[in-house]
Amino acid sequence: MTSQSKIQIKDLNLFYADKQALFDINVEVMEKQVLALIGPSGCGKSSFLRCINRMNDSVEGIRIHGKVLIDKKDIYDKSIDVVSLRTRVGMVFQKPNPFPKSIYDNVAYGPRIHHLFETKAELDYVVEKSLRRAGLWEEVKDRLEHPGTGLSGGQQQRLCIARAIAVNPEIILMDEPCSALDPIATAKVEELIDELREKYTIIIVTHNLQQAARVSQQTAFFHLGRLVEAGETGEIFTNPQDGRTQGYITGRFG
Amino acid sequence: MTKQLQLLRKRNRSETRFRLYGLWTIVVVLTLLGLMLVSIGIRGSSVFQKAFFHVEIEFAQKDIPYDPLHPQESLRKVNFRELIYNSIQHPDTLQRNHIQQLISPGAEIMLYNRVLKKPDMIGGKYFVWIQASDDVDYFLKHPEIKNKPALERRLSDAQMDYLSEQAAIGTLKRKFNWQFFTNGDSRSPELAGIKAALVGSFFTILVTLMLAFPLGIAAAVYIEEFAPRNRFVRFIELNINNLASVPSIVFGLLGLMVFINVMGMPRSSSIVGGLTLAMMIMPTIFIATRSALHTVPKTISRAAEALGASRVQVVFHHKVPLALPGILTGTILGVARALGESAALLMIGMVAFVVDAPTSPRDPATVLPVQIFNWARNPEQGFEDHTAAAIMVLLLFLMVMNVGAIYIRKKFEHRW
Amino acid sequence: MAINGIGFELVFFATSLMVVISVVIALGLITPSNHTFLKSFSARNLTSISIVVLLSSILPQFYFLYNEKESFVRWGWVFLISVGLSVILWIIYNRTHFRTRRRVVENIVRGFLLFAAVLAVFITFAIAFSLIYEAVKFFQFVPIMDFLVGTRWSPSAVGDNGLGHFGAVPLFAGTFLITGIAMLIAIPAGLMSAIYLSCYANNRTRDVVKPLLELLAGIPTVVYGFFALVAISPLLQTLGQSVGLPIAAESALGVGIVMGFMIIPYVASLSDDMVSSVPKVLKEGSLALGATYSETIKQVIVPAAFPGIMASFLLAMSRAVGETMIVVMAAGYSARMTFNPLEAVTTVTVQIVSLLTGDQEFSSPKTLAAFALGLMLLLITLTLNMIAMRIVRHYREKYD
């Protein structure tokens, strides 16, 4: 199966007030693949990720130059509505952040605000499907009315993933989704990411190189706001072209 | 797809609406605030300038039977009005009578005070500025009333001609109304001033500060730094936090009961007022001090402890000095609150009509906010402007204090 | 009953003592070297401190000497006591070892601190005691049930028992009517401005608007009273006339509007704190799902901050119930049982003021009634405040 290009980023520059955080980023993401962003802390991975669903818009003093094309359309174009963009591009955060509502309401939140259903039965179905796909259904099906904040960390993170896929996005952004989780919960989330690849294009920021190697097909290495190298995950890990990439992967810095 | 698009448009509209509600609320609230301040400013500013006539008055010996042994009694008998009237020259007797009506009754008292202060004026002829009536003042501010029909204005054509003529040669002028700051309360608006209230406020705040400042800080330092964490201390803490929410009128009732009824202190005095307000603002200072102490990092006291400093030394050498800006800010805000307080003081009888400024904290006194309250409910017309002017003075003081507090906070702000 | 005079000297002696202590502390704090302050306490200077104490306790006495000739004798004994105390202090001080001295001084400091803390509790007790004491005396004249459920309030009229009518229900009805109107204004205005400031406004707007809103809380209530009296109430009356509605000059509506305006910052600032303390990740979580800002606010932020927002309403309400000057200046004096906001009503605080201004006898039921009303007022505001503080504490624990 030949993949198609889903996201193209062209000459992306990002400034916080006077400080430039990203320099001329050019990268392409294939449909239904996982792109892992790796690199030392503060190298601009998260800022880059947040450009793709325009979460940076509300940050004061920020300026963005360049193009982010999703399905060949620039998301920074004036005709694009942020709200509808974000229904297409979901996001999972570093720290699990379930709303202080019941498990059911957490998952139903997105479908409700976007009016994605006609009847209660349809909503129930969407919630169940999303929880199943997130691998959480068996664990919580008897306590859907319990608060989402009462779950364990790993369960909370899977709840957040369920919440994100309930609105049926095309792309899911993950900002170090496992950094607050223990190894067992991490394994479950990684498994989940691998399954989700069948339906969604995923970009994941991670500090964990093994994780990047395990879950991703493509990898991009960021350093000091620049994209140093991007390509097939296997290539990057076994045969990096750039010295900095090699240094990072072999643990000489990072 | 079009349905989704419509929905999206609807959601975006509701977003814009919500945002505008918020903006609109703030604009309305701030506009109201501005209107309130501006309307007070407009009303009040007319008090600071008053019309004065420049006339030459003969202080003839025969008219002023001055007795150096009883200066006040002897001068009180003098008919100063006659002296003023005599100084006005106009060929027509009827016109003269009309012109005499343009002079404020306060002019006599001015002359009385002047002669009382400088008895050697008697026998001479001097130019003095004497106060004109409110109508003259109004005419100088709004000369266009000339064009109104005669029945709708309070001055006759002849009077207005006279005034214009005097104004042209400079013997009628609007001058700064010092009397507003140098007189006490009075029954007639041109003479009423805020001096007594200012002095009363000063004494009251002095007593308040002397008590509330050390006690509030000491209580906070004890609770924050020395007290064991037991039930009694939590009880004290809860108590003080609750005290902060007690309505001021209840503090007034307490002051009435304890200081006046039980201790027998003089009613209406600034010392009772000060004690009452001290109880009221102590919790404010307490809370500010506690939170200021709380923000000083633990590492600093650990460092001092490691050098062998005792608890008292740690607290007074390191923590209190570092917390001082916060403490001072809290104190200033507390004192500002005390300065604007009136309800509690009504309870202890500080509504008295006070003409002479108090000379000690035990004299009957009034304070600025209560003076405002008294003037506000006085039905006489001129007092409304006086109320506004007094409010301006009060707000000026409060603004200075608040700016001071902000300055201290900004200047000494530590970021840990 | 009155311990005439003695209270005076005691108070002044105590205050001057405290002033000296605070001056010494302040001096110690502003001197650059860290040790100066300690030295002034422990090394060799206690003598000079006792002299300062002595002087400062005597100085106020000169004041009385100057003002009241007959207080010379009293001044004499205060002087003697001051001298005696200082001499004793000095002797004790010079006979102790410096470590002991330091311990002694520190114990004195601790003692003073504890004393101040206990005094704060004492104030609460004094309030409770004096209100309850007088209220109990009042209930000997008027049965407590008549006071609590009686619907007729006219303290000056002479009823069957030779007393006025002291049924407090109309007063509470009036108080809550005005408070209700005030809350109707303050809740939406305060909440919306808090939401706008913490969610929409940029930093510059916030820096300008927030102090301005706080200014509202800093303006003395007597100013609002004046504003209600000369601006809002006449305006309402004119408006009413133009549409044929009879609006009383002292209508509850006018007072309520101004009071609502006054308590906006109480709602706004605490709500703002509560809204801002909702974790940022929750907000981003909702935005990332494609919710608009207002949907996020209404469905995630406000529900999460709801307890805190409730607490801010309760605190603002307690403010409004106890507010005195606005109602004294612009509300009515005669008690009327009505819930029509266009009519004049009276409030608890107005009645306390009108019962206590002018000449009073401490045994007359009219005076005592004021204390009974004060007690009720205290109970209401304390209850509101305790509930609010409990909510806030739970809320803070949840997100910290």
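It should be emphasised that the depicted structure is a prediction, and the values quoted were computed from it without experimental measurement. (Residues numbered from 1 in each chain as written. Chains lettered and ligands numbered in written order. Predicted model: local features only at pLDDT ≥ 70, side-chain atom pairs only at ≥ 80, totals over all residues.)

**Description of the overall build of chain A**
Link 1 in the chain: Tallying secondary structure elements over chain A gives ten helices and ten strands in all.
Link 2 in the chain: For chain A, whose C-alpha radius of gyration is 18 Å, the value lies close to the compact-globule estimate of 18 Å for 254 residues.
Link 3 in the chain: Dimensions of chain A along its principal axes, counting C-alpha atoms only, are 55 × 45 × 40 Å.
Link 4 in the chain: Taken over 254 residues, chain A has a buried fraction of 44%.
Link 5 in the chain: Within chain A, counting contacts between residues at least 6 apart in sequence, those at least 24 apart form 68% of the total. (Helix = DSSP H or I, 4+ residues; strand = E, 2+ residues; numbered from the N terminus. Rg over C-alpha atoms; globule rule 2.2 N^0.38 Å. Buried ≥ 20, exposed ≤ 12 C-beta atoms within 10 Å, placed from the backbone. Contact = placed C-beta atoms within 7 Å.)

**Things to note about the nonpolar core**
Link 1 in the chain: Ala 219 of chain B together with Val 258, Val 267 and Ile 326 of chain C are the most contacted members of the largest nonpolar core, which totals 277 residues.
Link 2 in the chain: Element by element, the count of residues in this core is highest for helix H9 (residues 195-226) of chain B, at 19 residues.
Link 3 in the chain: Listed in part, the 24 residues of the second largest apolar core include Phe 53, Ile 57, Phe 59 and Leu 155 of chain B. (Core = buried A, V, L, I, M, F, W, Y, C linked by C-beta atoms within 7 Å.)

**Considering the interface of chain B and chain C**
Link 1 in the chain: Between chain B and chain C, the contact holds 79 residues from the first and 81 residues from the second.
Link 2 in the chain: For the side of chain B that touches chain C, the element with the most residues is helix H1 (residues 2-48) of chain B, which contributes 17 residues.
Link 3 in the chain: When the residues that make up the side of chain B that touches chain C are grouped by side-chain class, the tally is 54 nonpolar, 20 polar and five charged. (Nonpolar A, V, L, I, M, F, W, Y, C, P; charged D, E, K, R; others polar.)

**Considerations on the sheet that holds strand E3 (residues 172-176) of chain B**
Residue and element names in this part refer to chain B.
Link 1 in the chain: The strand order E2-E1-E3 describes an open sheet built from three strands, whose pairing is antiparallel. Each end of this open sheet is capped by a strand with a single partner; those strands are strand E2 (125-131) and E3. The average angle at which neighbouring strand axes cross in this sheet is 40 degrees, direction not considered.
Link 2 in the chain: Sheet analysis places strand E1 (residues 49-58) next to E2, joined by seven bridges and oriented antiparallel. Note that in E2 the partner of Glu 56 across the bridge is Phe 127. (Pairing = 2+ DSSP bridges. Axes fitted to C-alpha atoms, helices over the stretch in contact; angles between N-to-C directions.)

**Observations regarding the environment of Leu 227 of chain A**
All names here are of chain A.
Link 1 in the chain: The topology assignment puts Leu 227 in strand E10 (residues 226-232).
Link 2 in the chain: Distance from Leu 227 to Lys 45, taken between C-alpha atoms, is 9.3 Å for residues 182 residues apart in sequence.
Link 3 in the chain: Among residues more than four places away in sequence, those in contact with Leu 227 are Ile 25, Asn 26, Val 27, Ala 220 and Phe 222.

**Digging into the environment of Pro 170 of chain C**
Residues and elements named next belong to chain C.
Link 1 in the chain: By the element assignment, Pro 170 lies in helix H7 (residues 169-200).
Link 2 in the chain: Residue classification places Pro 170 among the buried residues on the basis of 22 C-beta atoms within 10 Å.
Link 3 in the chain: A C-alpha to C-alpha distance of 17 Å links Pro 170 and Leu 253, two positions 83 residues apart in sequence.
Link 4 in the chain: What Pro 170 contacts, discounting residues up to four positions off in sequence, is Thr 151, Trp 153, Ala 335, Arg 336 and Met 337.

**Details of the pairing of strand E6 (residues 89-92) of chain A**
All names here are of chain A.
Link 1 in the chain: Here E6 shows no split at all, with Val 89 and Met 91 on one side and Gly 90 and Val 92 on the other all buried.
Link 2 in the chain: Summarising the sheet, E6 and strand E7 (residues 171-175) pair through four bridges and their orientation is parallel. For Met 91, the partnering residue across the bridge sits in E7 and is Leu 173.

**What to know about unusual backbone geometry**
Excluding glycine, a negative phi dihedral is what most residues carry, and trans is how most peptide bonds are arranged.
All names here are of chain A.
Link 1 in the chain: If you check the backbone angles, Lys 32 has positive phi at about 55 degrees while not being a glycine.
Link 2 in the chain: With respect to the helices and strands, the residue Lys 32 is situated in the loop between strand E2 (19-30) and strand E3 (34-38).
Link 3 in the chain: Of note, His 115 is a non-glycine position whose phi angle comes to about 50 degrees, a positive value.
Link 4 in the chain: Inspection of the secondary structure puts His 115 in the loop between helix H3 (103-114) and helix H4 (120-133).
Link 5 in the chain: For His 115, a count of 13 C-beta atoms within 10 Å translates into the label partly exposed.

**Brief notes about the packing of H9 of chain B against helix H14 (residues 311-340) of chain B**
Residues and elements named next belong to chain B.
Link 1 in the chain: Closest axis-to-axis distance for the H9/H14 pair is 9 Å, and the angle between their directions is 140 degrees. As summarised for this structure, H9 and H14 are arranged oblique, according to the angle between their axes. The interaxial crossing formed by H9 with H14 has right-handed handedness. Together, Ser 201, Ile 205, Thr 208, Leu 209, Ala 212, Phe 213, Ile 217, Val 221, Glu 225 and Phe 226 of H9 and Arg 311, Val 315, Lys 319, Val 320, Ile 327, Thr 331, Gly 334, Val 335, Ala 338 and Leu 339 of H14 make up the contact between the two elements.
Link 2 in the chain: For the contact of H9 with H14, the residue count by class is 13 nonpolar, four polar and three charged. (Parallel < 35°, antiparallel > 145°, perpendicular 65-115°, else oblique. Left-handed = near helix turned anticlockwise from the far one by under 90°.)

**Details of the packing of helix H9 (residues 221-243) of chain C against helix H10 (residues 252-276) of chain C**
All names here are of chain C.
Link 1 in the chain: Two numbers describe how H9 lies on H10: the axes approach to 9 Å, and their chain directions differ by 135 degrees. Judged by the inter-axis angle, H9 sits oblique to H10. Viewed along their axes, H9 and H10 form a crossing whose handedness is right-handed. Between H9 and H10, the contacting residues are Thr 221, Tyr 224, Phe 227, Ala 228, Ile 232, Ser 233 and Leu 236 on the first element and Leu 253, Gly 254, Val 255, Ile 257, Val 258 and Met 262 on the second.
Link 2 in the chain: In terms of residue class, the contact of H9 with H10 is made up of ten nonpolar, three polar and no charged.

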